[in-house]
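A closer look at the structure
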Amino acid sequence: MEQLKHKILTEGRLLDGFVLKVDNFLNHQLDVELLDAMGAEFARRFAGVKIDKILTIEASGIAVAAMAARHFGYPPVVFAKKTQSLNLDADAFETEVYSFTKQQVYKVRVSRRYLKPGERVLIIDDFLAHGHATRGLIDIVKQAGAEPAGVGIVIEKGFQGGGKLIRDAGVRLESLAVLKSIADGKIEFA
Ligand code: 5GP
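An account of the accompanying structure is given in this report. Since the structure is predicted, the reported quantities are computational estimates derived from the model, not experimental observations.

Our next topic: a nonpolar patch on the surface. A cluster of nonpolar side chains, contributed by F18, Y98, F100, V105 and F159, occupies part of the molecular surface with about 440 Å² of accessible area. Of note, V105 is situated in strand β6 (residues 104-111).

Moving on, we come to the sheet that holds strand β7 (residues 120-128). Strand order in the open sheet made by the six strands is β4-β3-β7-β8-β9-β10, with mixed pairing throughout. Bordering the open sheet on either side are β4 (77-80) and β10 (188-189), each of which pairs with just one other strand. Sitting on the sheet, helix α4 (residues 60-71) is in contact with β3 (53-57), β4, β7 and β8 (147-157), with an inclination near 160° to β3.

We now examine the packing of helix α1 (residues 2-11) against helix α3 (residues 32-45). α3 packs onto α1 with a crossing angle of 140° between their chain directions and a minimal axis gap of 10 Å. Taken together, the axes of α1 and α3 lie oblique to each other. Of the two possible hands of crossing, α1 and α3 adopt the one that is left-handed. Residues Q3, L4 and K7 of α1 form the contact with α3, whose own contacting residues are L34, A37 and M38. Across the contact of α1 with α3, the residue classes tally to four nonpolar, one polar and one charged.

With that settled, consider the site of the ligand. L20, A129, H130, G131 and A133 are the nearest of the 14 residues found near the ligand. Backbone polar atom of H130 to an oxygen atom of the ligand: 2.8 Å apart, as the coordinates give it. Here an oxygen atom of the ligand sits 3.1 Å away from a polar atom, N or O, in the main chain of H132. In isolation the ligand exposes 500 Å². Once the protein is present, 84% of that is buried. Elements with a contribution of two residues or more to the shell around the ligand: β2 (19-21), β7 and α6 (132-143).

What follows concerns the side chain of T134. Looking at the secondary structure, you find T134 in helix α6. Judged by relative accessible area, T134 falls into the buried class, the value being 1%.

This part is about the pattern of salt bridges. Applying the stated criterion across every chain, the model contains 19 salt bridges. With a shortest N-O distance of 2.5 Å, R70 and D36 are connected by a salt bridge. Of this pair, R70 sits in helix α4 while D36 sits in helix α3, and the two are 34 residues apart along the sequence. Looking at R70, the relative accessible area reads 39%, which means it is partly exposed. A salt bridge links K164 to D168; the shortest N-O distance between them is 2.6 Å. Within this pair, K164 and its partner D168 are both found in helix α7 (residues 162-168), separated by four residues, close to a single helical turn. Its relative accessible area of 55% is what places K164 among the exposed residues. A single salt-bridge network, built from bridges that share partners, covers E41, R44, R45, R172 and E174.

Definitions and cut-offs
- Residues numbered from 1 in each chain as written.
- Predicted model: local features only at pLDDT ≥ 70, side-chain atom pairs only at ≥ 80, totals over all residues.
- Heavy atoms only, no water.
- Patch = residues over 30% accessible without salt bridge, like charges linked within 9 Å, V, L, I, M, F, W, Y side chains within 5 Å.
- Areas by Shrake-Rupley, 256 points an atom, 1.4 Å probe, with all protein chains shown as cover.
- Salt bridge = Lys/Arg side-chain N within 4 Å of Asp/Glu carboxyl O.
- Helix = DSSP H or I, 4+ residues; strand = E, 2+ residues; numbered from the N terminus.
- Pairing = 2+ DSSP bridges.
- Contact = heavy atoms within 4.5 Å.
- Axes fitted to C-alpha atoms, helices over the stretch in contact; angles between N-to-C directions.
- Parallel < 35°, antiparallel > 145°, perpendicular 65-115°, else oblique.
- Left-handed = near helix turned anticlockwise from the far one by under 90°.
- Nonpolar A, V, L, I, M, F, W, Y, C, P; charged D, E, K, R; others polar.
- Near = heavy atom within 4 Å.
- Polar contact = N/O pair within 3.5 Å; in protein donor to acceptor, adjacent residues only side chain to side chain.
- Buried < 20%, exposed > 50% of the residue type's maximum accessible area, 1.4 Å probe, protein only.

Here's what the structure looks like:
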């Protein structure tokens, strides 16, 4: 998606050769017009695919998923929670996710109320790196007896291998921008 690539090139910042900071339009401040265009692009790419629900993970996935929902006919958006909560834990699907950026394992949970057997679920997130977060969400969808209808990612870091794992698992992946490399202070797209 050219508009997104331009934004990454002009406003993204590189940290330590592995992390792309996009706080000014995706991870802290939000560019709502761009988010809306991303939602339209996801809808274009997944046209004809039946989607009952969109699943994402807090926090940065929520805005992307909610804006995307506008273009998919307003299916419910569910976000996996990272924080513990007594009333949720008793009745939730749960999986463990390793965070490369934080170097720790954390649990994510979705209430059993909001994912049902047979539902076709589109998974949306801001970044795909090694694929831990996305695979955690796929695991939760499968625990519910629902079906992953596809994965939509804003920025895929193609050099960290997560995309291959998702595709090898037989799930359709659509990334709006795929980074080939962010080494030596230079951003290259695939
Ligand atoms: P994965 O689980 O695929 O290894 O990593 C995906 C998650 O890690 C994303 O949800 C995002 O929060 C975070 N992440 C990984 N790489 C980056 C990066 O380069 N920039 C930002 N802003 N977040 C990242």
